[in-house]
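# Structural overview
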2 protein chains.
Amino acid sequence: MRLGILGGGQLAWMLAQAAEPLGVSVAVLDPSPDCAAGRIADHVVAAYDDPAGLDEVSKGADVVTYEFENVPAAAVTRLAEHGVPVLPFPASLTITQDRAREKELMAGLGIKVAPYALIDSADDAAAALDKVGAPGILKTRRLGYDGKGQVRVKTADDLPAAIAELGGTDLIYEGLITFTRELSVVVARGTDGSLAVYPPVENEHRDGILACTLAPAPELAPDQAELAQAVGVSVAEALDHIGVLCVELFDTPDGIVANEIAPRVHNSGHWSIEGAVTSQFENHVRGVLGLPLGDPSARGVAAMVNIVGTEPELAALLAIPGASVHTYGKSPRTGRKLAHVTLVADSVDALAVPLARARVLCDAAWDA
Amino acid sequence: MRLGILGGGQLAWMLAQAAEPLGVSVAVLDPSPDCAAGRIADHVVAAYDDPAGLDEVSKGADVVTYEFENVPAAAVTRLAEHGVPVLPFPASLTITQDRAREKELMAGLGIKVAPYALIDSADDAAAALDKVGAPGILKTRRLGYDGKGQVRVKTADDLPAAIAELGGTDLIYEGLITFTRELSVVVARGTDGSLAVYPPVENEHRDGILACTLAPAPELAPDQAELAQAVGVSVAEALDHIGVLCVELFDTPDGIVANEIAPRVHNSGHWSIEGAVTSQFENHVRGVLGLPLGDPSARGVAAMVNIVGTEPELAALLAIPGASVHTYGKSPRTGRKLAHVTLVADSVDALAVPLARARVLCDAAWDA
C-alpha cells in the first residue's frame, strides 16, 4: 500500500515512521527541501497548490492524507480529479478551518463551548459585547494556530482596537473560560466507522505552545473522562471524520468545555508512540487505509515534554530513566518545536522524578 | 551523528528505525538493491568486502556496526584503516564466528555448556565419541545459522558419515542436551561498560527457525532468570562487547545450559520494540554511539511470532488486539523470515487469546 501526505513536517515524519513497519510506503509533498519526513519518505518538493506536485504525491497512492489543517481547497479538488481518495474528507477541513463553523458544529451537538459572537465589521462590537461580555479573546476565524491570530480583550473598551488589529472582518469573539487545566482527547475513526478513543490527557502550554502532556490526565473524574471521550466521538462522527482528530478541552469547575478541533494527528497525542498500545500515528495510517484500528489504551503512564527553541544535549535526555527522544532535525529558532521527549513509568509517582529531570532540561533549552 | 551498518536486512532496517528519532542518520552496505533498510537509510549497493563500498558506508560515520556475524575480516581491517571505529570490536566476531572458540570462552567463564569435541579429520571420531557419546549433533565450526551446517548423529555408527557430509574438517561434535525449552538473553553494553540486561525469554523453534518468543519467559524461577542474565553479562564483559548480543540457552532439569552467542541484535529480542521500555535496536544504537543505555525492563508481557514463507493478510493480523506488525518487504520463499507480529498485554492470561489467533494465522502462512 502507498500513502500520500500533504506536508512533510514532524507529524508526517511520525506518520511515515508508523507506516514503514506495516509495509506502507509514503510520499510527502512539502516545499521545504529538508523537511523532516523527506529523510524517510519519498519527497515531492513543491508548493501545496502546485498541480504537478499534487499529481506526483498522489501517484500510485491508495489514499492521500494531510498533516496540517490549512490545506488549500484547490489541492483537495485537484486530487479528487484523479480519483485518489483524500482522507479525512474535505468536510473535516472546511469546518475546522473556520472557528465559527467549528463552534457551531460543537454547540449543535450539545457540546459545551465558550460563549462566542461573530464579528464581520467594527459595527458588530456592541452586540458581541452584549452576548459575550468582557474580558474575552478575539480570534481570526481562519488560519490561526499556536496562539497566532489572537488578541486578548481585557475590557469592553479594548474590543474596537482588537478588531482593527486583526483586520476588521471574519473574526470571532469568545468569552474567557475560567479553567483549572487544559485537556484534550484524540480519536481515531476507521473507514467502517470503527473507533479508537485515547484516554483524555492534560496539557500545559507556555507562550501559547504546548509544553507538556500528561497521559492519561491525572485525577480526572471518570464521568469527566467519559464526557471528554464522548465529545471526541460525537465530533468525529458528525464530521464523518476518517483517521485521527483531536479536540482541545478546558477542565472547569462546571465540567468539560470544548475549545477547538484539530482534524489530524496532534502534538498532545505524541505520548501514544510509547505510552499507548497503538499510537495515534499508526491508527491514523490504519484508519485512512481501511485497516483495523489498534488499541488506544494507555500502557502505564506517560509524559511528553516538548523541546522548543533549542535542544538539550541528547545524552542528557537519554540518561533519564524511561526517556524516548524524538528529534525532528530542524534548526533552532525561538518558539519552534524541534523535538520531544516521552517518559513512561508504571505509576504517576514513578514518573515524577524522570519528568522533573526532563522539564529542567527542556525548560532551560526553551529559555536559551 | 551518523551510523554505518554492514548489512541492510531486517535487523539493519529496525536499527535504522530506532536511529531515526534520535537524529542519527544511517548508511547501510548491502549488495541487494532492494534490501529492507535501503528504504529508510542511505544504501551503498556493494559486496561486503568491496573496498569502495566500505569506504562509502563509513564516510562521515561516527561508528560502523553490523547486523550479521559473518562479516569478512578484510572488511573490518579496511574500516580500521580509516580510523572509523567498528563496534562491537572484532573479538566479538572472531570468537562467535567459531563454535569451538565460543564454547571455550563460555566454559572458561564457568558457564555450563553441552559436552563437545573438536573434529578436524575422520580420525577424531573415536575420541569425540568417547568424550561426548551418542546421540549428538555435528556442526561446522563456522558459517552455520538457522539449522544449516548441522547434522544429527543418532548412533556412534552415524558419526563418520556425518563428518564426511560436513566436509571432514573444522567441525565440532556436541552432546545432545535434554531440555524442557529454549531460552535466550539479550544484553546491551555501552562504551563505558554500562549494562542493560533484558529479561530472559522463551523461544520456540520450527524447522530450525525461531517461530515464537514469549517475553519474559513464563514461570522461569528467579534464580534461573538471574543465572541467565549473569551468563549474558559475563559473555558481554569477557568479549568487551559494545552494543547488543544474545546468548541462546537451554532450560534443563539441571538448570541453564548455554548454547551459542550471537554478537548482534537478535530475532528473540524483537519483542522489545513494543514490549520493553527501550528496545534492543535503540539500545544497540545508543551503545555503539556512546550514548546512555535505556531501560530494558519489560512492560507487561509480550509475544513475538515470526512470519515465515508467506505472509498472512495484514488486516487479519492488525485485527488482533494488541498486535503490532513489522513486515520486511521481502518476497515470499520457503523458510524465509518475512515479517513478525508482536502482541502485548498486561498479563500472560490476557495474552493467550491474541497469541493463539496470531499463531493460527502465522502457522498457516508458514505451511502455505
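Before going into details, it helps to say that this report is about the structure given with it. (Residues numbered from 1 in each chain as written. Chains lettered and ligands numbered in written order. Predicted model: local features only at pLDDT ≥ 70, side-chain atom pairs only at ≥ 80, totals over all residues. Heavy atoms only, no water.)

Right, let's get into the overall build of chain A. Looking only at helices and strands, chain A features 12 helices and 17 strands. For 368 residues, the compact-globule estimate of 2.2 N^0.38 gives 21 Å, and the C-alpha radius of gyration of chain A, at 20 Å, lies within 12% of that figure. Over its C-alpha atoms, taken along the principal directions, chain A stretches across nearly 55 × 55 × 40 Å. The long-range share in chain A, meaning contacts at least 24 apart out of those at least 6 apart in sequence, stands at 63%. Entry remark: accessible area of chain A is about 13,600 Å², with carbon and sulfur atoms responsible for 52%. Across chain A, the 27 positively charged side chains and the 48 negatively charged ones have centroids separated by 2 Å. (Helix = DSSP H or I, 4+ residues; strand = E, 2+ residues; numbered from the N terminus. Rg over C-alpha atoms; globule rule 2.2 N^0.38 Å. Contact = heavy atoms within 4.5 Å. Areas by Shrake-Rupley, 256 points an atom, 1.4 Å probe, with all protein chains shown as cover. Lys, Arg positive; Asp, Glu negative; His and termini not counted. Charge placed at Lys NZ, Arg CZ, Asp CG, Glu CD.)

A few words on unusual backbone geometry. In this structure, the amide linkage connecting A:Ala215 to the following residue, A:Pro216, adopts the cis form with an omega of -10°. Put simply, B:Leu87 and B:Pro88 share a cis peptide bond, and its omega is 0°. Mapped onto the elements of the fold, B:Pro88 is located in the loop between α3 (73–81) and α4 (90–96). For B:Glu219, which is not glycine, the phi torsion reads 50° and is therefore positive. Following the sequence through the fold, B:Glu219 ends up in the loop between β12 (209–215) and α8 (222–238). Despite not being glycine, B:Asp240 shows a phi value in the positive range, around 50°. For B:Asp240, a relative accessible area of 36% translates into the label partly exposed. (Buried < 20%, exposed > 50% of the residue type's maximum accessible area, 1.4 Å probe, protein only.)

The interface is formed by 28 residues belonging to chain A together with 28 residues belonging to chain B. Summed over both partners, the interface of chain A with chain B buries about 2,400 Å², with 57% contributed by carbon and sulfur atoms. Where chain A packs against chain B, one counts two salt bridges. Notably, a salt bridge pairs A:Glu20 with B:Arg39, separated by 3.0 Å at the nearest N-O pair. In this structure, the connection of chain A to chain B is made through 13 residue pairs in polar contact (both at pLDDT 80 or more). Element by element, the count of residues in the side of chain A that touches chain B is highest for strand β16 (residues 323–327) of chain A, at four residues. The residue inventory of the side of chain A that touches chain B, partitioned by class, reads 16 nonpolar, six polar and six charged. (Buried area = accessible area lost by both parts, 1.4 Å probe. Salt bridge = Lys/Arg side-chain N within 4 Å of Asp/Glu carboxyl O. Polar contact = N/O pair within 3.5 Å; in protein donor to acceptor, adjacent residues only side chain to side chain. Nonpolar A, V, L, I, M, F, W, Y, C, P; charged D, E, K, R; others polar.)

This paragraph deals with the sheet that holds strand β2 (residues 25–29) of chain B. Residue and element names in this part refer to chain B. Across the sheet, four strands lie side by side as β3-β2-β1-β4; this open sheet has parallel pairing. Only two strands of the sheet have a single neighbouring strand rather than two, namely β3 (42–44) and β4 (63–66). Taking the axes of each pair of neighbouring strands and ignoring which way they run, one obtains an average angle of 25° across the sheet. In the sheet, β2 pairs with β3 via three bridges, with the strands oriented parallel. (Pairing = 2+ DSSP bridges. Axes fitted to C-alpha atoms, helices over the stretch in contact; angles between N-to-C directions.)

Our next topic: the relation of the copies chain A and chain B. With an RMSD of 0.0 Å, the fit of chain A onto chain B corresponds to turning through 180° and sliding 0.0 Å along the axis. Such values leave the two copies arranged in the relation of a two-fold axis. Using C-alpha coordinates, one finds that chain A approaches the rotation axis most closely at A:Ile40, a distance of 2.4 Å. Here 100% of the contact residues of chain A are again contact residues in chain B; the copies associate through an equivalent surface. (Least-squares fit on C-alpha atoms with pLDDT ≥ 70 in both.)

Residue and element names in this part refer to chain B. It is the contact of helix α1 (residues 10–19) with helix α10 (residues 280–288), at a shortest axis distance of 8 Å, that shows an interaxial angle of 70°. Judged on the interaxial angle alone, α10 and α1 are roughly perpendicular. Of the residues in α10, those touching α1 at Leu11, Met14, Leu15, Ala18 and Ala19 are Phe281, Glu282, His284 and Val285. Across the contact of α1 with α10, the residue classes tally to seven nonpolar, one polar and one charged. (Parallel < 35°, antiparallel > 145°, perpendicular 65-115°, else oblique.)

This part takes up the pairing of strand β4 (residues 63–66) of chain A. Residue and element names in this part refer to chain A. Residues of β4 alternate between two faces, with Val63 and Thr65 on one and Val64 and Tyr66 on the opposite face, all of them buried. As paired elements, strand β1 (residues 2–6) and β4 share four bridges and run parallel to each other. Within β4, the residue paired with Leu6 across the bridge is Tyr66.

To continue, consider helix α8 (residues 222–238) of chain A. All names here are of chain A. Its 17 residues give α8 an end-to-end C-alpha distance of 24 Å, which sits within 8% of 24 Å, the value for a rise of 1.5 Å per residue. Buried residues belonging to α8 abut α5 (99–108), β9 (181–189), β10 (195–197), β13 (243–252) and β14 (255–262). Among the residues trailing α8, Asp240 stands out with phi positive, at a value near 50°. (Expected span 1.5 Å × (residues − 1).)

Attention shifts here to the pattern of salt bridges. Tallying each qualifying case throughout the model produces 36 salt bridges over all chains. The partner of B:Asp55 in a salt bridge is B:Arg78, and the shortest N-O contact between them spans 2.8 Å. Of this pair, B:Asp55 sits in helix α2 (residues 51–58) while B:Arg78 sits in helix α3, and the two are 23 residues apart along the sequence. For B:Glu260, the salt bridge is made with B:Arg99, and the minimal N-O distance between the two is 2.6 Å. Placement of B:Glu260 in strand β14 (residues 255–262) and of B:Arg99 in helix α5 (residues 99–108) is noted, with a sequence separation of 161 residues between them. With respect to burial, B:Glu260 and B:Arg99 carry one shared label: buried. Look at the salt bridges and you will find they share partners, linking A:Glu204, A:Arg206, A:Arg359, A:Asp363 and A:Asp367 into a network.

Let us now look at the packing of aromatic side chains. Residue and element names in this part refer to chain A. Taken as a whole and assessed by the stated rule, the structure comprises eight aromatic pairs over all chains. Centroid distance Trp13 to Tyr328: 5.7 Å. Interplanar angle 70°. Geometry classified as edge-to-face. Of the two residues, Trp13 is situated in helix α1 (residues 10–19) and Tyr328 in the loop between β16 and β17 (337–345); the sequence distance between them amounts to 315 residues. Here Trp13 and Tyr328 have matching classes, each one buried. Relative to Phe250, the ring of Phe179 lies with its centre 4.6 Å away and its plane at 15°, an arrangement referred to as stacked. With Phe179 in the loop between β8 (171–175) and β9 and Phe250 in strand β13, this residue pair connects regions lying 71 residues apart in the sequence. On the basis of relative accessible area, Phe250 is assigned to the buried category, the value being 11%. Here the guanidinium or amino end of Lys131 rests over the ring plane of Tyr116, the centre of that ring lying 5.1 Å away. (Phe/Tyr/Trp six-rings, centres within 6.5 Å; stacked < 30°, edge-to-face > 60°. Lys NZ or Arg CZ within 6 Å of the ring centre and 35° of its normal.)

So yeah, pure geometry; function would need other evidence.
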